[in-house]
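Chain and residue survey
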Amino acid sequence: MKILVDADGCPVVDFTAAEALRRGLECVLVCDTAHVFARPGTRTVTVSQGADSADLALANLAVRGDLVVTQDYGLAALCLARGARVLSQNGLEYCDANIDGLLAERHAAQRLRAAGGRTRGPRKRTAAQNEAFCAQLRRLLDEMAGGVPARRD
């Protein structure tokens, strides 16, 4: 098992890298050349800039039994299809039961913006969000390490 992080714009890189290091797990940070990431105990994969280049590289690295950290619904869907578990930066585990709805919401928001409408941007990140992410990350890693069957609801 390894942890793959969509590191471009991800606010939980440090938390994830520290937890991986504590557990002795491989942690791979994937980013494009617009971002520079180097954290102790991690491996960084840097790809050239381009539409979804880092996302596609990360999806190609993901295999069954890996954990992916991303806020991108499209990337989450690709990684779920490859058998990985996927966790958002806020601690939401993406799964077959919620990914279609999330993708539909994203599509509707894109259509609204294309028609000239406005959508809200993300709120300022809170300590509670960081705590929720860390708790869910630990719980998921414990579950994955203990041989508990992957939850796919």
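Throughout what follows, the structure given in this document is the object of discussion. Being a predicted model, the structure only gives us computed values, none of them experimental.

**Digging into the overall build of the protein chain**
Along the backbone of the protein chain there are five helices and six strands. When the helices and strands of the protein chain are read in sequence order from the N terminus, they spell out β-α-β-β-α-β-α-β-β-α-α. Taking all 153 residues of the protein chain together, the buried fraction comes to 41%. By sequence separation, contacts in the protein chain at least 24 residues apart represent 50% of the contacts at least 6 residues apart. Taken as a whole, the protein chain presents about 8300 Å² of accessible surface, with 53% of it coming from carbon and sulfur.

**Some words on the packing of aromatic side chains**
Considering all chains together, one arrives at one aromatic pair under this definition. The interplanar angle of 75° and the centroid separation of 5.9 Å between the aromatic rings of Tyr73 and Tyr94 together place this pair among those described as edge-to-face. One end of the pair, Tyr73, is in helix H3 (residues 73–81); the other, Tyr94, is in strand E6 (residues 93–94), and 21 residues separate them in sequence.

Parameters at a glance
Residues numbered from 1 in each chain as written. Predicted model: local features only at pLDDT ≥ 70, side-chain atom pairs only at ≥ 80, totals over all residues. Heavy atoms only, no water. Helix = DSSP H or I, 4+ residues; strand = E, 2+ residues; numbered from the N terminus. Buried < 20%, exposed > 50% of the residue type's maximum accessible area, 1.4 Å probe, protein only. Contact = heavy atoms within 4.5 Å. Areas by Shrake-Rupley, 256 points an atom, 1.4 Å probe, with all protein chains shown as cover. Phe/Tyr/Trp six-rings, centres within 6.5 Å; stacked < 30°, edge-to-face > 60°.

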